[in-house]
Amino acid sequence: MEKRNRYKNRIRPLLICRLVLGGMLLLGVGAGFVLVRNQHVMEGDVLRSLEDEIVELDREIELWELRIAAVRDRQELSRRLRWVQSDLDEVDPSRVIEVQEKTSESASVASAF
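None of these values were measured; they are calculated from a predicted model.

J.: Would you take a moment to explain the overall build of the chain for this structure?
T.: Summing up its helical and strand segments, the chain has two helices and zero strands in all. The proportion of buried residues among the 113 residues of the chain is 3%. Total accessible area computed for the chain in this model is approximately 12,300 Å², and 58% of it derives from carbon and sulfur atoms.

This is the structure:
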């Protein structure tokens, strides 16, 4: 005795197509999410490296400003010249003269009118 209708719930080709299409849709959405997330992470890494470079440049600028401020001080300049054993003579503060601009109200002013 052979049963003719042995399988009541057969898998139809339309159902297989729906499952495959649904799987491909989920795969595409997942792959898109991963790609977008990776792009954001890479851009974040670039931004972080640029911010670190900016911080490093700020430190370097501050260091140069401190060096310039130290050289502008007469005593510090004198100390540095001695330290590097320079051939330049030291500046005697009693021999330094300040040059002031002479202002004259009676001086003629060139005018285009």
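J.: Explanation requested: the pattern of salt bridges in the structure shown.
T.: Evaluation of the coordinates by the stated rule reveals two salt bridges. Salt-bridge contacts for Asp45 lead to Arg48; the nearest nitrogen and oxygen are separated by 3.3 Å. Of this pair, Asp45 and Arg48 both sit in helix H1 (residues 13-72), separated by three residues, roughly a single helical turn. Residue class for Arg48 comes out exposed when judged on its relative accessible area of 51%. With its nearest N and O atoms 3.7 Å apart, the salt bridge here joins Glu56 to Arg59. Placement of both Glu56 and Arg59 in helix H1 is noted, with a separation of three residues, approximately one turn of the helix. Judged by its relative accessible area of 54%, Arg59 is exposed.

J.: Please clarify how the packing of aromatic side chains should be interpreted in this entry.
T.: Any two aromatic rings considered together are summarised by their centre-to-centre distance and by the angle between their planes. For the structure on display, the rule yields zero aromatic pairs. Above the face of the Trp64 ring, Arg67 is positioned so that its terminal group lies 4.9 Å from the ring centre.

J.: Quick question: what am I supposed to make of a nonpolar patch on the surface here?
T.: On the surface, a cluster of nonpolar side chains totalling about 610 Å² of accessible area is made up of Ile11, Leu15, Ile16, Leu19, Val20 and Met24. Residue position: Ile11 is located in the segment before H1.

J.: Could you clarify how one ought to interpret unusual backbone geometry in this entry?
T.: Generally, phi is negative for residues other than glycine and the peptide bonds are trans, each holding for most cases. Here Gln85, not a glycine, exhibits a phi torsion of approximately 55°, which is positive. Here Gln85 shows up in the segment after helix H2 (74-83). A relative accessible area of 68% means that Gln85 is categorised as exposed.

J.: Would you take a moment to explain the packing of H1 against H2 for this structure?
T.: Where H1 meets H2, the axes come as close as 5 Å, and the angle between the chain directions of the two elements is 95°. When the axis of H1 is compared with that of H2, the two are roughly perpendicular. On H2, the residues that touch Ala70, Val71 and Arg72 of H1 are Arg74, Glu76, Leu77 and Arg80. Residue composition of the contact of H1 with H2, grouped by class: three nonpolar, no polar and four charged.

Conventions and cut-offs
Residues numbered from 1 in each chain as written. Predicted model: local features only at pLDDT ≥ 70, side-chain atom pairs only at ≥ 80, totals over all residues. Heavy atoms only, no water. Helix = DSSP H or I, 4+ residues; strand = E, 2+ residues; numbered from the N terminus. Buried < 20%, exposed > 50% of the residue type's maximum accessible area, 1.4 Å probe, protein only. Areas by Shrake-Rupley, 256 points an atom, 1.4 Å probe, with all protein chains shown as cover. Salt bridge = Lys/Arg side-chain N within 4 Å of Asp/Glu carboxyl O. Phe/Tyr/Trp six-rings, centres within 6.5 Å; stacked < 30°, edge-to-face > 60°. Lys NZ or Arg CZ within 6 Å of the ring centre and 35° of its normal. Patch = residues over 30% accessible without salt bridge, like charges linked within 9 Å, V, L, I, M, F, W, Y side chains within 5 Å. Axes fitted to C-alpha atoms, helices over the stretch in contact; angles between N-to-C directions. Parallel < 35°, antiparallel > 145°, perpendicular 65-115°, else oblique. Contact = heavy atoms within 4.5 Å. Nonpolar A, V, L, I, M, F, W, Y, C, P; charged D, E, K, R; others polar.

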